[in-house]
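Topology and contacts: notes
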Amino acid sequence: MTAAPDAAPGAVLPAPRRRPLVGLARAWRRLPPTAKVGAAILLFWVVVVLTIQLWPLADPLKMVGRRLQEPSAEFWLGTDALGRDVFARTLHGAVWSIPIAFVVVACAVAIGSALGAVAGFFGGWWDSIIMRLVDVTVSFPPILLAMAVAAMLGPGLLNASIAMIIVWWPIYARLMRAQVLEVREREHVEAAVAGGAPSGRILVVHVLPLCWTPTLINATMDFGQVVLLAASLSFIGLGATPPSPEWGSMISEGATRFYNWWIAFGPGMAILSVVLASSFLGDGLRDLFDRRSA
Amino acid sequence: MLAYIARRLIAIPFLLLGVASVSFLLSQMTKGDPLAALVPERMMDNPEIVAAVKAQWGLDQPLPVRYGIYISNLLQGDLGTSFATRRPVAVDIAERLPATLELVFAAMIIGTIMGVGLGLLSARFRGSVFDGLARIFALIGSSLPIFWSGLILLYLLSVRVALVPGTGRLPPRVEPPPDVTGFYTVDALLAGDLDLFAQALAHLALPALVLGWAVSGVITRLVRSSLIEGLSQDYARTARAKGAPERVVLINHALRNALIPLLTILGFTFAYLITGAVLTEAIFAWPGIGSYAVRGAASLDYPAIGGVTIVGSIAFLLANLLTDIAYAWANPRIKVGG
């Protein structure tokens, strides 16, 4: 035995010092142009959400002009059936859609990753129970499960969000489980086990930090899909309820006023921009960090 | 491979039981009194009627017994009674299913033709302007909110230029053809009524195109990438060395290998199709099970949504199973877990 007898159990070599900002800047330069466009669009919507009070916009809930006016210099996207400014409502819609999608993805990642990591790392009964739960959840067509849960809980954005988290967590459980299963077999983990580190510590310190790449790429791509599903639920009448300027419910108002196409035009373009942006950015990130699955 | 398929087949009943159990739990957690939906308001005072209804639906039983009743009803094809239509959900769904299937089949055909065609051209002229346009077209197709694109196209093509008729499966007050398959287009042909066939086809065209476009996005992407991979393989080089023109290399060599991943996306696109069908039906007033579920969701008609959910899940599981089998069968190199 040549190892120092006083080495702490599970001790590892000090990691090379990381400089995250430099790495980030380098990654940004290597992103393909489409991914940069996607990032810019997403950033635009985040800025809109954060600064919506500062914009010189009409009140999205008040009547500001004649009803059902076509787009004009005064009302860029026209007015709806209650004389509200559609352009202002479209921008205000981001305040609903963007944070909700963020929370739904974050919760689905947190729940799914935690369960997937436990299933992959501890195996045995944990694995069986969690993965059977995943199997049953993904046996439902997503929109039908979301509709059933949202209808059971009653309409409203909070309930729609819960429904979407229930739909989305299994994806992250599967992703994380597969990653953990792979990383678990690496040599540094074996070394930590030999060093006598407790299994919880091995999972958190030695395994998990190496498992996030596919999850983060997937989460970026799913962001737009969550916006889309949230809008779909609102369109059906299970998400946001009328006066609020949510994109899906604005389109459903537009659907009842068929000839006034402009009511639905803005929110539809907004949804499209978010979905495209997040799939551009997700694609770019995947090319950069995860060449295998590209 | 047989062992793999057998294992998948054995798993299906358990997954269905899981699906049914989740549906049951959801129906039990529903807010609102199920009695209120079953008993007309003026009969609520009558304790005998209330007791009789409770006994009939097992509402006076504890939860495990109700679960047993629910599962045994399901096994007999009883999905409960819709609060809104007051008819058995299974009857409602059976009546509306052909409309959905007709839409989904038409969309699948359009989506596959569009997707394979664009994918082929895009791989053949890789890096050209056409390639870029085809990829953007595909990406937009799979990113568009379908309830919005349907609405806008309906406005443009039906209101602005009267190219397609409005919503529904047939013009108002036109009798549907005698029921054989439930597909109006096929039934009209079988009845020899070409005029009716044209009308049914015209009504089907736009919703199927909207849904097909959404599906074609996924297919284009996949066909393009697997063709490009195929074109760089040794067999493609060999074919070129023997003097085969690029067109032949693409069709006879690369495309043949791209068919394997194409099989798998049949299952993959199914989720898109169901989601898309639900929303497309809502926009086009298409009397299928999707619009039934949407109406059920809006009126909190739980048995209706629950029934569509179970039927949709069965279809989803079967589609995935068929995909796996097709994949294992088409690609003997892949030994799926023994």
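Chain B goes by Peptide/nickel transport system permease protein in an unreviewed UniProt entry, where it is assigned to Albimonas pacifica. What UniProt records for chain B under Sequence similarities (unreviewed entry) is the sentence "Belongs to the binding-protein-dependent transport system permease family." As stated in UniProt under Subcellular location (unreviewed entry), the record for chain B gives "Cell membrane".

The name that an unreviewed UniProt entry assigns to chain A is Peptide/nickel transport system permease protein, with the source organism given as Albimonas pacifica. The record in UniProt for chain A states the following under Subcellular location (unreviewed entry): "Cell membrane".

1. Notes on the interface of chain A and chain B
Counting residues at the interface gives 40 residues for chain A and 42 residues for chain B. Around 3600 Å² of area is buried between chain A and chain B when both sides are counted, 81% of it from carbon and sulfur atoms. If you look at where chain A meets chain B, you find 1 salt bridge. Close ionic contact of Asp 283 of chain A with Arg 221 of chain B constitutes a salt bridge, the shortest N to O distance being 3.0 Å. Counting every contact that joins chain A to chain B gives 2 residue pairs in polar contact (both at pLDDT 80 or more). For the side of chain A that touches chain B, the secondary-structure elements that each account for two or more residues are helix H4 (124-137), helix H5 (142-153), helix H9 (212-236), helix H10 (247-256) and helix H11 (262-289) of chain A. For the side of chain A that touches chain B, the per-class residue count stands at 32 nonpolar, 5 polar and 3 charged.

2. Brief notes about the UniProt feature "transmembrane region" (unreviewed entry) in chain A
As annotated in UniProt, the feature "transmembrane region" (unreviewed entry) corresponds to residues 37-58, 94-123, 143-169, 223-241 and 261-282 of chain A in the numbering used here. Overall, residues 94-123 of chain A shows 97% helix and 0% strand. The separation of its end C-alpha atoms is 42 Å.

3. Some details on the confidence of the model for chain A
Taken over all residues, the pLDDT of chain A has a mean of 84, while the share at 70 or more is 91%. Across residues 1-7 of chain A the pLDDT falls below 50, and counting only partners more than four positions away or on other chains, this stretch makes 0 contacts in the model.

4. Points about empty space enclosed by the protein
Under the definition given, this model contains 1 cavity of 30 Å³ or more. Volume-wise, the largest cavity comes out at about 50 Å³. Every residue lining the largest cavity is listed: Gly 254, Arg 257, Phe 258, Asn 260, Trp 261 and Ala 264 of chain A together with Leu 151, Ile 152 and Tyr 155 of chain B. If you tally residues by element for the lining of the largest cavity, the top one is helix H7 (residues 146-160) of chain B, at 3 residues. Looking at the lining of the largest cavity residue by residue, the class counts come to 6 nonpolar, 2 polar and 1 charged.

5. Re the domain arrangement of chain B
Residues and elements named next belong to chain B. When the domains of chain B are assigned, the result is domain 1 (2-75) and domain 2 (95-330). Once you take the C-alpha centre of each, domain 1 and domain 2 turn out to be 34 Å apart. In this complex, domain 1 contributes 14 residues to the contact, which on the side of domain 2 involves 8 residues. Buried surface at the junction of domain 1 and domain 2, summed over both partners, amounts to about 1100 Å²; 80% is from carbon and sulfur atoms. When the buried area of domain 1 at its contact with domain 2 is split by residue, Ile 5, Arg 8 and Ile 12 rank highest and sum to 35% of it.

6. Some remarks on the nonpolar core
Ranked by size, the top nonpolar core spans 143 residues in total, and within it Trp 45, Met 147, Met 164, Ile 236, Trp 247 and Ile 271 of chain A together with Leu 227 of chain B carry the most contacts. Considering every element that reaches this core, the biggest residue donor is helix H11 (residues 246-283) of chain B, with 15 residues. Mapping this core onto the domain boundaries places at least three of its residues in each of domain 1 (2-75) and domain 2 (95-330) of chain B. Ala 117, Phe 121, Val 180 and Ile 202 of chain A belong to the second-largest nonpolar core, a separate cluster that totals 13 residues.

7. Structural notes on the packing of H4 of chain A against helix H6 (residues 157-184) of chain A
All names here are of chain A. With their axes 9 Å apart at the nearest point, H4 and H6 run at an angle of 135° to one another. Between H4 and H6, the crossing angle belongs to the class labelled oblique. For the crossing formed where H4 meets H6, the hand is left-handed. Facing H4, whose interface residues are Asp 127, Met 131, Leu 133, Val 134, Asp 135 and Thr 137, H6 presents Ile 166, Trp 169, Pro 170, Ala 173, Arg 174 and Arg 177. A class-by-class count of the residues in the contact of H4 with H6 yields 7 nonpolar, 1 polar and 4 charged.

What counts as what
Residues numbered from 1 in each chain as written. Chains lettered and ligands numbered in written order. Predicted model: local features only at pLDDT ≥ 70, side-chain atom pairs only at ≥ 80, totals over all residues. Heavy atoms only, no water. UniProt positions renumbered as here; feature names shortened; annotations may be inferred. Contact = heavy atoms within 4.5 Å. Buried area = accessible area lost by both parts, 1.4 Å probe. Salt bridge = Lys/Arg side-chain N within 4 Å of Asp/Glu carboxyl O. Polar contact = N/O pair within 3.5 Å; in protein donor to acceptor, adjacent residues only side chain to side chain. Helix = DSSP H or I, 4+ residues; strand = E, 2+ residues; numbered from the N terminus. Nonpolar A, V, L, I, M, F, W, Y, C, P; charged D, E, K, R; others polar. pLDDT = per-residue confidence, 0-100. 1 Å grid on protein atoms, 1.4 Å probe; cavity = no way out; pocket = protein on both sides within 12 Å on 5 of 7 lines; lining within 4 Å. Points joined across faces, edges and corners; volume = space filled by probe spheres on them. Domains from an automatic or database assignment. Core = buried A, V, L, I, M, F, W, Y, C linked by side-chain atoms within 4.5 Å. Buried < 20%, exposed > 50% of the residue type's maximum accessible area, 1.4 Å probe, protein only. Axes fitted to C-alpha atoms, helices over the stretch in contact; angles between N-to-C directions. Parallel < 35°, antiparallel > 145°, perpendicular 65-115°, else oblique. Left-handed = near helix turned anticlockwise from the far one by under 90°.

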